[in-house]
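The residues making up each chain are set out below.
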Amino acid sequence: MKILFLDSPAFAKQDMIDAFEANQITCDLFYHKDYKERHSKEFEEAFAAALANASYAFVFSFNYSPILSACCQNHNIKYVSYIYDSPLVALYSYTLINSCNYVFLFDKSVYLTFKNAGIDTVYYLPLAANVSRLSAMVCPDALTEKLSADVSFVGSLYNEEHNFFDRLETISDFTRGYLDAIMRAQQNVYGIFFLEDLLTPDIIADLQKAAPYTPMSDGTESAAYVYANYFLCRKITARERLSLLKQVSDRFSLKLYTHNPVPELPHAQFMGPVDWYSTMPLIFRHSRINLNISLKSIHTGVPLRCMDILGSGGFLLTNYQEDLLDLFVPEEDFVFYENEEDFIRKIDYYLSHEKERQQIAANALGKMAERHTFCHRVTSILQILSD
């Protein structure tokens, strides 16, 4: 079997290609600069030319591309997309209902949003890890000490200049106070996402004046969805990560792998960015505790970062994400914290209970290898395609 694989940037691209090949599926890569555009004659022509080169069983991409779906619909070929980002406004394209689509969503709440709306082209499929590759990685002796840590955090602090929320300079004092209140409430609540519902028409009108948003030409997304998930969630996550990491770094030894230095965390050891494919798994394996603090727009799903940690043999301490309970057992395979006090308490506990921590990490690695590799996910995709 042969498929056409959209060669767009994606962390797990090579791991997915390896999984397809392990299932005797050959991947021909296709790239065109307009893959994020909604309409492009040049993309359509390039895609048609690519299809003429071979007979493909289906087309695959990480994340959903409306223009690719439209092309697949026109050429009567199945289109499989595997979502690992949230939010993803492209999902609100009217092309989502195209009969060619098989859209696999890692966040169950997002899946249910579309499924309950009567859209039958969506499926729930958690993310995964390439456990065989990760298990075979060996840390060079020269790097072992550098990558070892009591506590590590790998990820963005969303402290870049000109982020979306900071563009809201002209909103009224009332709107700013209202947003601050609901953002603080959402920051302290796990398992329920209510921001979008709390953006009233008057608040949205004020947001539109400060940072106008117009839906895409083929889009059905609401302004409330965009403001809640792109503007507010990133700011909440920035605040939450900074607050939690400050508490960690003030009490324990913390290594911080992120792009921008963080003056607010003077006691953390700033390590800079890290390569996802070659180095990050070694950090997870050689850190006693690996932290995950999910982006708030991931409502219930298990982020790829969690799968990376567990698939690398690392110990995971994370905020509560409902979908984790579909796959793993708390305090047997991973540990979640309920609030800031619980967060610090559990770090302290597991740093002083080495055997228990190691057993939890080993349990998770075993389950990852048995049930949650990209090969397992390819098998699930192929079964749905054949039904």
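Since the structure is predicted, the reported quantities are computational estimates derived from the model, not experimental observations.

1. Some details on the state of the cysteines
Thought 1: Tallied over the full model, the rule gives 0 disulfides.
Thought 2: The thiol of cysteine 100 is unpaired, and the distance to the nearest cysteine sulfur, on cysteine 72, comes to 5.3 Å.
Thought 3: Of all cysteine sulfurs in the structure, the one in cysteine 306 sits closest to cysteine 233, which takes part in no disulfide; the separation is 17 Å.
Thought 4: Given a relative accessible area of 0%, cysteine 233 falls into the buried group.

2. Remarks on the UniProt feature "domain: Spore protein YkvP/CgeB glycosyl transferase-like" (unreviewed entry) in the chain
Thought 1: The feature "domain: Spore protein YkvP/CgeB glycosyl transferase-like" (unreviewed entry), as given by UniProt, occupies residues 269-383 in the numbering adopted here.
Thought 2: Counting secondary structure, residues 269-383 comes out at 51% helix and 13% strand; the distance between its end C-alpha atoms is 46 Å.

3. Observations concerning the UniProt feature "domain: Spore protein YkvP N-terminal" (unreviewed entry) in the chain
Thought 1: Here, the residues flagged by UniProt with the feature "domain: Spore protein YkvP N-terminal" (unreviewed entry) are residues 83-158.
Thought 2: Annotated as residues 83-158, this span is 28% helix and 18% strand, and its ends, taken at the C-alpha atoms, are 21 Å apart.

4. Quick notes on the sheet that holds strand E4 (residues 78-82)
Thought 1: If you trace the 6 strands from one edge of the open sheet to the other, you get E2-E1-E3-E4-E5-E6, paired in parallel fashion. Only two strands of the sheet have a single partner each, and these edge strands are strand E2 (26-30) and strand E6 (122-124). Between one strand axis and the next, the sheet turns through 25 degrees on average, direction left out of account.
Thought 2: With 5 bridges connecting them, strand E3 (residues 58-62) and E4 associate as parallel partners.

5. Observations concerning the side chain of serine 294
Thought 1: The topology assignment puts serine 294 in the loop between strand E10 (287-292) and helix H12 (304-311).
Thought 2: Using a relative accessible area of 5% as the deciding quantity, one classes serine 294 as buried.
Thought 3: Contact partners of serine 294, with chain neighbours within four places excluded, come to Thr237, Arg241, Pro303, Asn319 and Gln321.

6. Description of the packing of helix H2 (residues 41-51) against helix H3 (residues 66-75)
Thought 1: The geometry of H2 relative to H3 is characterised by a closest axis approach of 10 Å and an angle of 50 degrees between their N-to-C directions. The angle between H2 and H3 places the two elements in the oblique class. Our pair here, H2 against H3, has a crossing hand that is right-handed. Along the contact surface, H2 presents Phe43, Glu44, Phe47, Ala48 and Leu51, while H3 presents Ile67, Leu68, Cys71, Cys72 and His75.

7. Some words on the sheet that holds strand E9 (residues 269-270)
Thought 1: Ordered in space as E9-E8-E7-E10-E11-E12, the 6 strands form an open sheet in which the pairing is parallel. Of all the strands in the sheet, just E9 and strand E12 (335-337) have a single pairing partner and so form its edges.
Thought 2: For E10 and strand E11 (residues 316-319), the ladder comprises 3 bridges, and the chain directions are parallel. What sits directly across from leucine 291, in E11, is leucine 317.
Thought 3: Here helix H14 (residues 340-351) sits on the sheet and contacts strand E7 (149-154), E10, E11 and E12; the angle it forms with E12, its principal contact strand, is near 150 degrees.

8. Here's the deal with H12
Thought 1: Here H12 lies mainly inside the structure; 8 of its 8 residues are buried.
Thought 2: Within H12, the full set of buried residues consists of Leu304, Arg305, Cys306, Met307, Asp308, Ile309, Leu310 and Gly311.

9. Description of the layout of surface pockets
Thought 1: When its volume is computed, the largest pocket comes out at roughly 1400 Å³.
Thought 2: Lining the largest pocket are 45 residues, with Phe11, Asn63, Tyr84, Asp85 and Ser86 positioned closest to its centre.
Thought 3: Broken down by secondary-structure element, the contributors of at least two residues to the lining of the largest pocket are E7, helix H10 (223-251) and H12.
Thought 4: Two domains share the lining of the largest pocket, each providing at least three of its residues, namely domain 1 (2-125) and domain 2 (131-372).

The rules behind each value
- Residues numbered from 1 in each chain as written.
- Predicted model: local features only at pLDDT ≥ 70, side-chain atom pairs only at ≥ 80, totals over all residues.
- Heavy atoms only, no water.
- Disulfide = S-S within 2.5 Å.
- Buried < 20%, exposed > 50% of the residue type's maximum accessible area, 1.4 Å probe, protein only.
- UniProt positions renumbered as here; feature names shortened; annotations may be inferred.
- Helix = DSSP H or I, 4+ residues; strand = E, 2+ residues; numbered from the N terminus.
- Pairing = 2+ DSSP bridges.
- Axes fitted to C-alpha atoms, helices over the stretch in contact; angles between N-to-C directions.
- Contact = heavy atoms within 4.5 Å.
- Parallel < 35°, antiparallel > 145°, perpendicular 65-115°, else oblique.
- Left-handed = near helix turned anticlockwise from the far one by under 90°.
- 1 Å grid on protein atoms, 1.4 Å probe; cavity = no way out; pocket = protein on both sides within 12 Å on 5 of 7 lines; lining within 4 Å.
- Points joined across faces, edges and corners; volume = space filled by probe spheres on them.
- Domains from an automatic or database assignment.

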